[in-house]
Amino acid sequence: MGIFNSRGVKPAHRKHTDNQKAVRLENVASVTIPMRQHIGAPCTPTVKVGDVVAVGQVIGDTEAFMSAPIHASVSGTVSKIAEIRLANGEKVSAVTIKSDGEMRLYEGVEKPQYNSVEEFLKCVRSSGLVGLGGAGFPTHVKLKVPQGKVDTLVINAAECEPYITTDNRECIDNTADVIDGVELVCKVLDIKSAVIGVEDNKPQAINALRTEISNRKSNIVVKALKSKYPQGAEKVLIHSATGRVVPMGGLPMDAGCIVMNVASVAFLARYMRTGKPLVTRTVTVDGSAIANPNNFRVPIGAFMQDVVNAAGGFVKEPKKIILGGPMMGNSVSSLDYVITKTNNALLAFDEKDAKPKKETACIRCGRCVSVCPMKLMPASLEKYQRCGDAEGLENGAVLNCIECGCCSFTCPAGRQLVQSIRLGKTIVRTAQAERKKKEEAKG
Ligand code: SF4
Ligand code: SF4
């Protein structure tokens, strides 16, 4: 990991919406809110068809620790509870609410109170917050660290994926919330220092944060990072922002760090002030097929079609639609999917931009190896996946792949390396599960 600066790739930034403050999207006819939008156990609906709900009311929850509650994002009537498919292919139960157009706030929404770390973490859980950068890791779980294990809070404002500008806007438009959130987490968890990592192609965000910090005489550091993908990947960011290395297979806390996305930390500050849970998120809508690219503040569960309509619809026929960024997002075949807590972008491309590279035989150039931030050998992993070689994949540390897409991006032969590696991970996980079963049967 120590040599990341010589690794990674430099895709064109294409941050066309950099100067566009998020516009609120409220007039949706209905929302369909999935019961799992996070890593961990799905929630069970706590409402039934016909119930009248208000914004911020819990509509799904679970006893499981690794999870986060789900709240209504519009006021109205529950019209359906059924299984839907998410953009990543996963099937989940979802609650549909027909909006009454009033966006009434739930009367139970009130400023959270806490007197201990334990109570603070309960409040964080109640907010429904999960990593807004895309990972969806429940924040109350992330912040539960053994005392004395963490001395640095690292804030991820790198936003290295092309097109996406939501974190940049968070830094510019909600600067005080960002710094409030950082100070809050450091104070409650007794963390001594904080670094906000921002790529150096976002000077306005860097200036706004530094000005706010100096006005408060705070000791938070804003570090301008080289604009290079995947600068925002957790382990890469820790190294770039602090110089520390997370051991292979280890967690950020093994390097004394907690990493939070900048939008997550700003949300937390607002939640602790108001008690309004996570019911919206900012989404960048862009790409050559979109009429008016912009940033939108979208109710969770809104349909992609409503979001595209808000951006003026399509100006050209879309040949490729992606929920998320071009490097790590999921390609979808229609606009029938919904926005979840982890979706930061919706991109649509015309024929010219959607054309895939022609796939030809590997020429053993080694470029995929030289750009991999995890020091893996993507071409070999692809070969092992094609042969179904679980041992080769496991020995090649396929599970360490962060699916950043640098290898596919750089491959002159157009090999679909990330897709093969994802399948390779499934082969390894299946083999590991079978091994475990056999061992358990042996007693
Ligand atoms: S970059 Fe592509 S062509 Fe070059 S070694 Fe890797 S898979 Fe083969
Ligand atoms: S192998 Fe995984 S971590 Fe390495 S470049 Fe490819 S996608 Fe990224």
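Some words on the sheet that holds strand 16 (residues 330–332)
Okay, step 1: Taken in spatial order, the 6 strands of this open sheet run 1-14-13-17-15-16, and their pairing is mixed. In this open sheet, the two edge strands, each paired with only one partner strand, are strand 1 (23–24) and strand 16.
Okay, step 2: Sheet topology note: the strand 1/strand 14 (residues 294–299) ladder contains 2 bridges and is parallel. Within strand 14, the residue paired with Arg24 across the bridge is Arg297.
Okay, step 3: Sheet strands touched by helix 3 (residues 166–173): strand 13 (280–286) and strand 14. Its angle to strand 13, the strand with the most contacts, is close to 125°.

Observations regarding the domain arrangement of the protein
Okay, step 1: Under the domain assignment, the protein is made up of domain 1 (4–16 + 110–274) and domain 2 (367–442).
Okay, step 2: Relative placement of domain 1 and domain 2: their C-alpha centres are 29 Å apart.
Okay, step 3: Taken together, the contact pairs 13 residues of domain 1 with 13 residues of domain 2.
Okay, step 4: Sorting the residues of domain 1 by area buried against domain 2 places Arg7, Val9 and Met248 first, and these three jointly supply 51% of that buried surface.
Okay, step 5: Run the count over domain 1 and domain 2 and you get 0 salt bridges.

Some points on the site of ligand 2
Okay, step 1: With respect to spatial proximity, the complete set of residues near ligand 2 consists of Cys372, Pro373, Met374, Pro378, Cys401, Ile402, Glu403, Cys404, Gly405, Cys406, Cys407 and Ile421.
Okay, step 2: A class-by-class count of the residues in the shell around ligand 2 yields 10 nonpolar, 1 polar and 1 charged.

Section: the pattern of salt bridges
Okay, step 1: Summed over all chains, the structure comprises 28 salt bridges.
Okay, step 2: Where Glu170 meets Arg270, a salt bridge forms, and the shortest distance between an N and an O atom there is 3.2 Å. Here Glu170 is found in helix 3, whereas its partner Arg270 is found in helix 7 (residues 262–274), with 100 residues between them in sequence. Here the two residues Glu170 and Arg270 agree in accessibility, since each one is buried.
Okay, step 3: Residue Arg415 pairs with Glu382 through a salt bridge whose shortest N-O separation is 3.2 Å. Here the residue Arg415 occupies a position in the loop between helix 13 (406–410) and helix 14 (417–442), and Glu382 occupies one in helix 11 (residues 378–387), the gap between them amounting to 33 residues.
Okay, step 4: Since its relative accessible area comes to 6%, Glu382 is described here as buried.
Okay, step 5: Members of the salt-bridge network, linked through shared partners, are Glu170, Asp177, Asp180, Glu183, Glu212, Arg216, Arg270 and Arg273.

Cut-off values and rules
Residues numbered from 1 in each chain as written. Chains lettered and ligands numbered in written order. Predicted model: local features only at pLDDT ≥ 70, side-chain atom pairs only at ≥ 80, totals over all residues. Heavy atoms only, no water. Pairing = 2+ DSSP bridges. Helix = DSSP H or I, 4+ residues; strand = E, 2+ residues; numbered from the N terminus. Contact = heavy atoms within 4.5 Å. Axes fitted to C-alpha atoms, helices over the stretch in contact; angles between N-to-C directions. Domains from an automatic or database assignment. Buried area = accessible area lost by both parts, 1.4 Å probe. Salt bridge = Lys/Arg side-chain N within 4 Å of Asp/Glu carboxyl O. Near = heavy atom within 4 Å. Nonpolar A, V, L, I, M, F, W, Y, C, P; charged D, E, K, R; others polar. Buried < 20%, exposed > 50% of the residue type's maximum accessible area, 1.4 Å probe, protein only.

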